[in-house]
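Residue strings, one per chain:
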Amino acid sequence: MSILFINGSPNKEGNTARLAEKLLAGKEYKSLHLVDYRLYSYGQKFEDDQFAEIVDAMEKAEVIVIGSPVYWHNMSGSVRNLLDRFYGPVSQGALSGRKFVFLFQGAAPEKWMLEKAEYTMSRFARMYGMEYVGMAAGSKEAEEIAKKL
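Our subject in this report is the structure included herewith.

Quick notes on the rules
Residues numbered from 1 in each chain as written. Predicted model: local features only at pLDDT ≥ 70, side-chain atom pairs only at ≥ 80, totals over all residues. Heavy atoms only, no water. Helix = DSSP H or I, 4+ residues; strand = E, 2+ residues; numbered from the N terminus. Salt bridge = Lys/Arg side-chain N within 4 Å of Asp/Glu carboxyl O. Buried < 20%, exposed > 50% of the residue type's maximum accessible area, 1.4 Å probe, protein only. Arc of directions from axis to C-beta. Contact = heavy atoms within 4.5 Å. Phe/Tyr/Trp six-rings, centres within 6.5 Å; stacked < 30°, edge-to-face > 60°.

Attention now moves to unusual backbone geometry. The residue W72 is not glycine, and still its phi comes out positive at about 50°. By the secondary structure assignment, W72 is in the loop between strand 3 (63-69) and helix 3 (77-86). The backbone phi angle of H73 is positive, close to 70°, even though this residue is not glycine. Its location among the elements puts H73 in the loop between strand 3 and helix 3.

This paragraph deals with the pattern of salt bridges. Inspection of every chain in the model, using the stated rule, returns eight salt bridges. Between R38 and D48 there is a salt bridge whose closest N-O contact spans 3.1 Å. Highlighted residues: R38 in the loop between strand 2 (30-33) and helix 2 (51-60) and D48 in the loop between strand 2 and helix 2, separated in sequence by ten residues. Assessed through its relative accessible area of 39%, R38 is described here as partly exposed. The residue E115 makes a salt bridge to K111 at a minimum N-O spacing of 3.6 Å. With E115 and K111 both in helix 4 (residues 111-127) and four residues apart, this pair spans about one turn of that helix.

A word on helix 1 (residues 15-23). Buried within helix 1 we find T16, A17, L19, A20 and L23. End-on view of helix 1: buried residues confined to an arc of 160°, all on one side of the axis. Looking at the buried positions of helix 1, the neighbouring elements they touch are strand 1 (3-7), strand 3, strand 4 (99-105), strand 5 (131-136) and helix 5 (139-146).

A few words now on helix 3. Among all positions of helix 3, only V79, N81, L82, L83, R85 and F86 are buried. If you follow the buried residues of helix 3, they end up packed against strand 1, helix 2, strand 3 and helix 4.

Let's shift gears to the packing of aromatic side chains. What the rule picks out here adds up to eight aromatic pairs. Ring geometry for Y40 against F46: centres 4.5 Å apart, planes inclined by 45°, an arrangement best described as tilted. Taking relative accessible area as the criterion, F46 reaches 43% and is therefore assigned partly exposed. Among the aromatic residues, those joined into a cluster by ring pairs are F51, F86, F100, F124, Y128 and Y132.

Written out as structure tokens, the structure reads:
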């Protein structure tokens, strides 16, 4: 099984990556750190944009895990930007057959933050044909979701 972890934190070895390690313990996976990619905002067009490379990596994976720290009560800008970029160039259902997990790591996120993140990511998964396995905001949730992968 090929697993891709997309890290939306600027800290490659921070808490978001550690939560992914907990989720994917004992499994081989590839990490893609958004901080290493030029991913421009929706509507911008630059020759060195790497959005297509990120989508290509996602298409090759059987399981996609996106992780984000909680910034300003929401997911990081890089993750939000990635989701925004899907509109238009990626057709609905394009990632069908894949499993999808969202990791939302932060210091005591409030219930409403978790609910909004869960809604956004479950909708993203459905729109592009993925099976939404769930969201983990902590180690115990990650361990439970790991059993479903």
